[in-house]
Amino acid sequence: MSNNPAPPPSPALPASPKLVAMPVFYTPLMAAEAGSFSPSAAKPSAAVASWRKLDVPLNVIAPEPASVQDLARAHLPAFVDAVLSCRSDNGFGNRSKAVAASLPYTSGAMLSAAREALRNGRVAAAPCSGFHHAGYANAGGFCTFNGLMVAATALHAAGEVKRVGILDFDHHYGDGTDNIIDRLRIDWIHHYSAGEHYGSPADATRFLSSIPGLVAAMKGCDVILYQAGADPHINDPLGGWLTTAQLYERDLLVFQAAAELGIPVAWNLAGGYQTPLRRVLEIHDNTMRACACSYIDIF
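Residues numbered from 1 in each chain as written. Predicted model: local features only at pLDDT ≥ 70, side-chain atom pairs only at ≥ 80, totals over all residues. Heavy atoms only, no water.

Engineer: Account for the confidence of the model for the chain, naming residues and giving values.
Structural biologist: Averaged over every residue, the pLDDT of the chain is 94; the share at 70 or more is 95%. Segment residues 1-14: pLDDT under 50, and zero contacts once partners within four positions in sequence are set aside and those in other chains are kept. (pLDDT = per-residue confidence, 0-100. Contact = heavy atoms within 4.5 Å.)

Rendered as C-alpha cells:
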C-alpha cells in the first residue's frame, strides 16, 4: 500500500458570473411590413420596444448582417439569389423588396447572438422569427431563410463550434430545419422540435417535466439555439395547448437547465398569431423575464 496521501479533491469550478445586462441583437433594418397574416416580419421592432419597458437592463447591439455566403451554406445558392433579388416568393408568399432587404439582418441577428453567447458563456437574444419552415431550397410557412441553420453552419464553418443544439419550442414541427440537416448530411447538430411530439393541453405536464432532460441531452453542444415560440399559447389560432403561466415555466426551465450545465444559449422568437399583437408581445416579455431571472445579476 502506498504511503503517499491521497490528493485533495479538485475545487469546484466557480459558476460563470451573471450578466449586468441582456445582450439583444437588433436593428430597425430587421423589421419589414410583409402584408401577411403573420406579424413576424415587423415584430422585431415591437418586441424590443416592449422589452425596453420591462425592469430588465438591455444592451441593444446592431447585428452584423448575414452574408450571401452565410445564407448559401444552409440553402441552395440559386434559391438565395432568387429570393434576395425578388424573383422568387418569400415565406409570406410575395416578393416584397422590404422583406428581402430585412432577411440578411434577421439571420444575422441569430448568428450575432450565437457568437455573443459563446463569447460571454451565458446567453444572448435575437428578437426575430420566421426560420424553421424554410428548407434547403424553399420558403414556406412565413419562413424564408432558416436563420437557425444559417447560424449553425456559419459557426461550424468558422471552427467556432463542433456541435450545435437546436431546441425548437414553436407549436409547429421544424420541418425545414430537418430538411436542411438531411440535404447537407449534417451529423453535428442535435435538433429537437417539440411540435413533432406535443400539441394537446393533456401533454402540458409531461412536456414541462421533460425539459430539463431535453436540455441535458445537449450537454455535448457548444451552444444551444433556442426558439421560444409564442404560438403554443392556449388562445393562439394556430396553436393552443399551453397557458401563459406554463409558457413562462417552459422558458424558465430551459434557461435554468442550460445555465446550470454551463451551455451558452442564443434565443429567438417564433410564432404567435393572436390579435391584438400585444397578446403575443406579453408572451415574449415573459420569455425575457425568465431569461433575466436566470442570467442577469440583479435578479
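Engineer: Give me the packing of helix α7 (residues 204-216) against helix α8 (residues 244-261): which residues, what numbers.
Structural biologist: Where α7 contacts α8, the two axes come as close as 8 Å, and the packing angle between them is 20°. In terms of their interaxial angle, α7 and α8 are classed as roughly parallel. For the pair α7 and α8, the crossing hand works out as right-handed. Contacts from A204, F207, L208, I211, P212, V215 and A216 in α7 reach Q246, E249, R250, L253, V254, A257, A258 and L261 in α8. Classifying every residue of the contact of α7 with α8 gives twelve nonpolar, one polar and two charged. (Axes fitted to C-alpha atoms, helices over the stretch in contact; angles between N-to-C directions. Helix = DSSP H or I, 4+ residues; strand = E, 2+ residues; numbered from the N terminus. Parallel < 35°, antiparallel > 145°, perpendicular 65-115°, else oblique. Left-handed = near helix turned anticlockwise from the far one by under 90°. Nonpolar A, V, L, I, M, F, W, Y, C, P; charged D, E, K, R; others polar.)

Engineer: Give me the lowdown on the packing of α8 against helix α9 (residues 277-295), citing residues and values where you can.
Structural biologist: Direction vectors running N to C along α8 and α9 enclose 30°, while the axes themselves pass 9 Å from each other. In terms of axis orientation, α8 runs roughly parallel to α9. In terms of crossing hand, the pair formed by α8 and α9 is right-handed. For the pair α8 and α9, contact is made by T244, L247, Y248, R250, D251, L252, F255, Q256, A258 and A259 and by I283, N286, T287, R289, A290, C291, C293, S294 and Y295, respectively. Classifying every residue of the contact of α8 with α9 gives eleven nonpolar, five polar and three charged.

Engineer: Please give an account of helix α3 (residues 77-84) that cites residues and values.
Structural biologist: All buried positions along α3 are accounted for by F79, V80, A82 and V83. Buried residues along α3 cover an arc of 165° about the axis, so they all sit on one side. On its buried side, α3 packs onto α2 (68-74) and α4 (97-120). Directly after α3, the chain includes C86, whose backbone phi takes a positive value near 60°. (Buried < 20%, exposed > 50% of the residue type's maximum accessible area, 1.4 Å probe, protein only. Arc of directions from axis to C-beta.)

Engineer: Give a detailed account of the packing of aromatic side chains, specifying residues and quantitative values.
Structural biologist: Summed over the entire model, instances satisfying the criterion amount to 14 aromatic pairs. Ring geometry for F79 versus F145: centroids 5.8 Å apart, planes at 90°, classification edge-to-face. Placement of F79 in helix α3 and of F145 in the loop between β3 (123-126) and α5 (147-157) is noted, with a sequence separation of 66 residues between them. Take F79: its relative accessible area is 7%, and that puts it in the buried class. Taking the relative accessible area as the measure of exposure, F145 reaches 2% and is therefore buried. Within the aromatic cluster, the residues linked to one another by ring pairs are W51, F169, Y198, F207, Y226, W241, F255, W267 and Y295. (Phe/Tyr/Trp six-rings, centres within 6.5 Å; stacked < 30°, edge-to-face > 60°.)

Engineer: Now, about the pattern of salt bridges: what can you tell me, with residues and values included?
Structural biologist: As enumerated under the stated definition, the model contains nine salt bridges in all. Between R119 and E116 there is a salt bridge, and its shortest N-O distance comes to 2.8 Å. Of this pair, R119 and E116 both sit in helix α4, three residues apart, which is roughly one turn of that helix. R119 sits in the exposed class, given a relative accessible area of 62%. (Salt bridge = Lys/Arg side-chain N within 4 Å of Asp/Glu carboxyl O.)

Engineer: Can you explain unusual backbone geometry? Please cite residues and give values.
Structural biologist: A cis amide bond, omega -5°, links T275 with the succeeding residue P276. Take P276: it is sitting in the loop between β7 (265-270) and α9. At C86, a residue that is not glycine, the phi angle is positive and equals roughly 60°. Under the relative-accessibility criterion, C86 is labelled buried at 19%. Located in the positive-phi region is F142, a residue other than glycine, with phi close to 65°.

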